Amino acid sequence: MLSQRNLMLLLCAAALAGPAAAQKLYKYTDANGKVVYTDKMPSESAGKPNEQLNRQGTVTKRNEGAMTSEQLAAKEADRKRKLDEDIAAKEEKRKNMALLNTYSSEQDISEARARALQANGEAVEEAQRKLADVRKRQQELAVEAEFFKKKPMPAQLKQDIQVNEAAIASHTELLDKKKKEIELINGKYDEDLRRYRELVKSGAAAPVAAAQAKPAMKN
């Protein structure tokens with residue numbers, strides 16, 4: 001092993017020896033915290049962090065050395081974090097491009113919202129109509145059932161009542177769902193509008209708008 005004060009002597013000797021001589025030097029810190037220079041890493045220091053030097057004493061390569069289990073776990077966690085960030089960034093870019101390809105103005109978003117709300121409103125009306133029909137049928141079945149308070153009810157009537165009750169539950173659930181969708185629709189288009197304004201402000205919308213405005217090339 002070589003101490004730091006003998007480094008220059010070793011470098012000079014290597015330079016005088018010419019290209020045929022060994023030109024690799026190593027620098028590392030031993031167990032006592034002392035910086036050591038050597039032309040061959042000792043076996044007991046294998047796997048430790050070190051630097052490789054050329055004949056001029058310039059660092060040409062850094063070896064990180066073997067990592068501890070904690071360091072390996074931290075490195076893997078960092079790798080996964082960066083991968084997740086990269087995936088999230090790509091997904092965000094994809095969503096932004098999809099948004100800009102869908103809408104060319106805030107007016108487009110307003111019109112899309114209106115169409116969605118109109119379609120939902122029609123679905124609500126249809127659910128209300130069907131629910132009113134099965135509730136009307138429920139009243140009719142209740143009148144029929146009155147005749148059998150003191151005698152066995154026909155199997156068919158029992159079945160009709162059960163089927164009607166299931167239909168009422170189904171149409172009620174659907175109606176509640178469609179009513180709640182109004183808030184979801186408004187929330188979606190509020191978010192689309194917010195993101196669209198941000199993209200326009202950042203200038204990201206300009207290239208997409210230019211591409212959409214470019215006339216198609218003729219064959």
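As the structure is a prediction and not an experimental result, all values here were calculated from the model. (Residues numbered from 1 in each chain as written. Predicted model: local features only at pLDDT ≥ 70, side-chain atom pairs only at ≥ 80, totals over all residues. Heavy atoms only, no water.)

Right, let's talk about the packing of aromatic side chains for a bit. Applying the stated criterion to the full structure yields zero aromatic pairs. Positioned above the aromatic ring of tyrosine 189, the side-chain terminus of lysine 188 is 4.3 Å from the ring centre. (Phe/Tyr/Trp six-rings, centres within 6.5 Å; stacked < 30°, edge-to-face > 60°. Lys NZ or Arg CZ within 6 Å of the ring centre and 35° of its normal.)

With 48 residues, helix α4 (residues 155-202) should cover 70 Å at 1.5 Å per step; its first-to-last C-alpha distance of 70 Å lies within 8% of that length. The axis of α4 is deflected most strongly, by about 25 degrees, at isoleucine 182. Restricting attention to buried positions, one finds in α4 the residues Leu157, Asn164, Ile168, His171, Leu175, Ile185, Tyr189, Asp192, Leu193, Arg195, Tyr196 and Leu199. Directly beyond the C-terminal end of α4, a positive phi value near 90 degrees is found at glycine 203. (Helix = DSSP H or I, 4+ residues; strand = E, 2+ residues; numbered from the N terminus. Expected span 1.5 Å × (residues − 1). Bend = angle between axes of the 7 residues up to and from the residue. Buried < 20%, exposed > 50% of the residue type's maximum accessible area, 1.4 Å probe, protein only.)

On to the sheet that holds strand β3 (residues 50-53), then. One open sheet holds the four strands; their spatial order is β2-β1-β3-β4, and the pairing between them is antiparallel. Two strands lie at the open edges of the sheet, namely β2 (35-38) and β4 (59-63), each paired on one side alone. Between one strand axis and the next, the sheet turns by 20 degrees as a mean value, whatever way the strands run. The sheet contact formed by strand β1 (residues 25-29) and β2 spans four bridges and is antiparallel. Note on β2: the bridge partner recorded for threonine 29 is valine 35. (Pairing = 2+ DSSP bridges. Axes fitted to C-alpha atoms, helices over the stretch in contact; angles between N-to-C directions.)

To continue, consider the pattern of salt bridges. Enumeration according to the criterion identifies 19 salt bridges in this entry. Residue aspartate 78 is joined to arginine 81 by a salt bridge in which the shortest nitrogen-to-oxygen separation is 2.5 Å. With aspartate 78 and arginine 81 both in helix α2 (residues 69-102), this residue pair falls three residues apart, about one helical turn. Here aspartate 78 falls in the partly exposed class, since its relative accessible area comes to 29%. One salt bridge connects glutamate 198 with arginine 194, and the closest N-O pair in it is separated by 2.7 Å. On the criterion of helical spacing, the pair formed by glutamate 198 and arginine 194 is a turn pair, its members being four residues apart in helix α4. Beyond isolated ion pairs, a larger network of salt bridges with shared partners links Asp78, Arg81, Lys82 and Glu85. (Salt bridge = Lys/Arg side-chain N within 4 Å of Asp/Glu carboxyl O.)

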